[in-house]
Amino acid sequence: MNLLEKRFLRSGKVKDIYDAGHDKLLFVYTDRLSSHDVMLADSVPQKGEVLCRLSAYCFANCKDHGIETHMVEVLDPNKMLVKKLFLIPIEVIGRNYLYGSYWKRYKHGEIQLPEGTNPVLAARLTEPVVEFTTKFEAKDRPLTEQEIVSSGWLGTPEISQIEKTTLELNALMLKDAERAGFILADFKLEFGIDEEGKIILADEAETPDTCRFWDASKYQPNKVQESFDKQIVRDYLEKVKGWDKNQPMPGTKLPKPILPEEIIRRTRQRYVEAYERLTRRRF
Ligand code: 5GP
């Protein structure tokens with residue numbers, strides 16, 4: 001695939017996006033790494049490939065179950081041709097466990113838990129919850145259905161359809177996770193609208209960058225859980241003395257910390273293991 005023939009459109013934290021004809025885009029999943037909302041100087045070899053191949057695995061599973069996605073074709077292990085869509089500017093969050101920002105909002109008295117849920121950190125919710133947040137604001141902010149409708153982004157029937165699709169996909173991902181010995185605590189999805197007005201699953205799915213996976217064998221409610229993603233990097237950075245994400249590293253002019261080889265190697269291993277356990281295929 002010659003990228004020079006394609007027109008570069010934009011870069012996200014992880015993906016580079018190119019125009020690939022009037023109705024298609026080329027997604028290049030890179031190995032870039034961010035933590036604490038900062039792009040790091042290091043990358044994790046083949047992380048992009050894991051994200052692309054896991055998304056492709058999930059999208060193929062969606063297709064088998066009647067859920068439409070934007071995937072057209074995987075061109076290289078880290079390159080996917082997708083349908084051009086109007087991207088709905090909201091993030092859709094599915095939750096099976098009381099954790100992350102949901103736990104924080106519960107502690108601040110901002111939300112009601114599904115009836116019968118044990119109100120402790122990392123408890124399983126008695127039923128899955130679907131929420132919406134902003135996508136293009138500096139910090140993700142929960143959105144009510146009313147706000148989405150009054151912004152003119154979606155009508156009530158489209159919101160219901162997204163909720164239904166999110167719950168269907170949750171059921172598929174829960175099966176994969178359970179078989180892999182993971183707990184799927186929560187996840188993020190994005191949707192777009194095609195030329196006919198159909199709502200279609202977009203972006204990436206079932207990846208360690210968009211899901212909180214916990215090792216089922218280590219799960220204990222009422223405790224902080226270790227998630228199967230770049231937690232190794234997060235934990236390392238929290239121990240780097242004097243690192244301030246807005247300042248150069250102490251004693252250097254480098255704006256970002258340089259990660260030890262060992263941290264990168266272990267992080268890569270985690271991503272590859274997530275791929276192998278979820279898909280039951282060798283990487
Ligand atoms: P929380 O709202 O609890 O922080 O996150 C809920 C879930 O959504 C987690 O699985 C988290 O990984 C995912 N998530 C939330 N916001 C984003 C985002 O901006 N990007 C990605 N990739 N995932 C997100």
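Further up the page is the structure itself.
Computed from a predicted model, the values in this text were never measured in an experiment.

Remarks on the side chain of threonine 69
For step 1, the next point in the chain: Looking at the element boundaries, threonine 69 is found in the loop between α1 (47-64) and β6 (71-76).
For step 2, the next point in the chain: Assessed through its relative accessible area of 13%, threonine 69 is described here as buried.
For step 3, the next point in the chain: Looking at threonine 69, its side chain comes within polar contact range of the main-chain nitrogen of methionine 71, at 3.2 Å.
For step 4, the next point in the chain: Beyond its immediate chain neighbours, meaning those up to four positions away, threonine 69 contacts Phe59, Cys62, Ile200 and Leu201.

A short note on α1
For step 1, the next point in the chain: The terminal C-alpha atoms of α1, which comprises 18 residues, lie 26 Å apart, in line with the 26 Å expected from a rise of 1.5 Å per residue.
For step 2, the next point in the chain: Of all 18 residues in α1, 14 are buried, a share of seventy percent or more.
For step 3, the next point in the chain: Just beyond α1, the residue with positive phi is glycine 66, at close to 75 degrees.

Some details on the nonpolar core
A general feature of soluble globular proteins is that nonpolar side chains tend to end up buried together.
For step 1, the next point in the chain: Phe132, Leu154, Ile162, Leu169, Leu189, Phe191 and Phe213 are the most contacted members of the largest nonpolar core, which totals 48 residues.
For step 2, the next point in the chain: Sequence-distant contacts of isoleucine 162, that is, excluding residues within four places in its chain, are made with Ile88, Val92, Phe132, Leu154, Phe191 and Ile199.
For step 3, the next point in the chain: With 14 residues, the next largest nonpolar core counts Tyr97, Ala122, Ala185 and Trp214 among its residues.

Description of the sheet that holds strand β7 (residues 79-83)
What links the strands of a sheet is backbone hydrogen bonding, and the strands pair in either a parallel or an antiparallel sense.
For step 1, the next point in the chain: Judged by pairing direction, the sheet is antiparallel, and its five strands sit side by side in the order β1-β2-β3-β7-β6 without closing on themselves. Each edge of the sheet is formed by a strand with only one pairing partner; in this case those strands are β1 (7-11) and β6. Between one strand axis and the next, the sheet turns through 25 degrees on average, direction left out of account.
For step 2, the next point in the chain: Bridge analysis of strand β3 (residues 24-29) against β7 gives five bridges, and the strand direction is antiparallel.

Focus: the packing of α1 against helix α6 (residues 261-279)
For step 1, the next point in the chain: At a minimum axis distance of 9 Å, the contact between α1 and α6 shows a crossing angle of 20 degrees. Regarding the angle of α1 to α6, the classification is roughly parallel. Here α1 and α6 pass one another in a crossing that is left-handed. From α1, Lys47, Val50, Leu51, Arg53, Leu54 and Tyr57 reach across to α6, where they touch Tyr271, Val272, Tyr275, Leu278 and Thr279.

What to know about the packing of aromatic side chains
For step 1, the next point in the chain: Applying the stated criterion across every chain, the model contains ten aromatic pairs.
For step 2, the next point in the chain: Their ring planes at 10 degrees and their centres at 6.0 Å tell us that tryptophan 214 and tyrosine 219 sit as a pair that is stacked.
For step 3, the next point in the chain: Under the relative-accessibility criterion, tryptophan 214 is labelled buried at 0%.
For step 4, the next point in the chain: Residue tyrosine 219 is classed as partly exposed on the basis of its relative accessible area, which comes to 22%.
For step 5, the next point in the chain: Following the ring pairs from residue to residue traces out a cluster consisting of Tyr97, Tyr99, Trp214 and Tyr219.
For step 6, the next point in the chain: Just above the ring of phenylalanine 228 sits the side chain of arginine 270; from NZ or CZ to the centre is 4.2 Å.
For step 7, the next point in the chain: One Lys or Arg, arginine 277, reaches over the ring of phenylalanine 228 and ends 5.4 Å from the middle of that ring.

Points about the site of the ligand
For step 1, the next point in the chain: Around the ligand sit 13 residues, and of these Arg95, Ser101, Asp186, Asp209 and Arg212 come closest.
For step 2, the next point in the chain: In the model, an oxygen atom of the ligand is placed 2.5 Å from a nitrogen or oxygen of the serine 101 side chain.
For step 3, the next point in the chain: In this structure, a nitrogen atom belonging to the ligand sits 2.9 Å away from a main-chain N or O atom of aspartate 209.
For step 4, the next point in the chain: Breaking the shell around the ligand down by element, the ones donating at least two residues are β9 (90-97), α2 (100-107), β12 (182-193) and β14 (211-215).
For step 5, the next point in the chain: Its residues assigned to classes, the shell around the ligand comprises three nonpolar, three polar and seven charged.

How each quantity is defined
- Residues numbered from 1 in each chain as written.
- Predicted model: local features only at pLDDT ≥ 70, side-chain atom pairs only at ≥ 80, totals over all residues.
- Heavy atoms only, no water.
- Helix = DSSP H or I, 4+ residues; strand = E, 2+ residues; numbered from the N terminus.
- Buried < 20%, exposed > 50% of the residue type's maximum accessible area, 1.4 Å probe, protein only.
- Polar contact = N/O pair within 3.5 Å; in protein donor to acceptor, adjacent residues only side chain to side chain.
- Contact = heavy atoms within 4.5 Å.
- Expected span 1.5 Å × (residues − 1).
- Core = buried A, V, L, I, M, F, W, Y, C linked by side-chain atoms within 4.5 Å.
- Pairing = 2+ DSSP bridges.
- Axes fitted to C-alpha atoms, helices over the stretch in contact; angles between N-to-C directions.
- Parallel < 35°, antiparallel > 145°, perpendicular 65-115°, else oblique.
- Left-handed = near helix turned anticlockwise from the far one by under 90°.
- Phe/Tyr/Trp six-rings, centres within 6.5 Å; stacked < 30°, edge-to-face > 60°.
- Lys NZ or Arg CZ within 6 Å of the ring centre and 35° of its normal.
- Near = heavy atom within 4 Å.
- Nonpolar A, V, L, I, M, F, W, Y, C, P; charged D, E, K, R; others polar.

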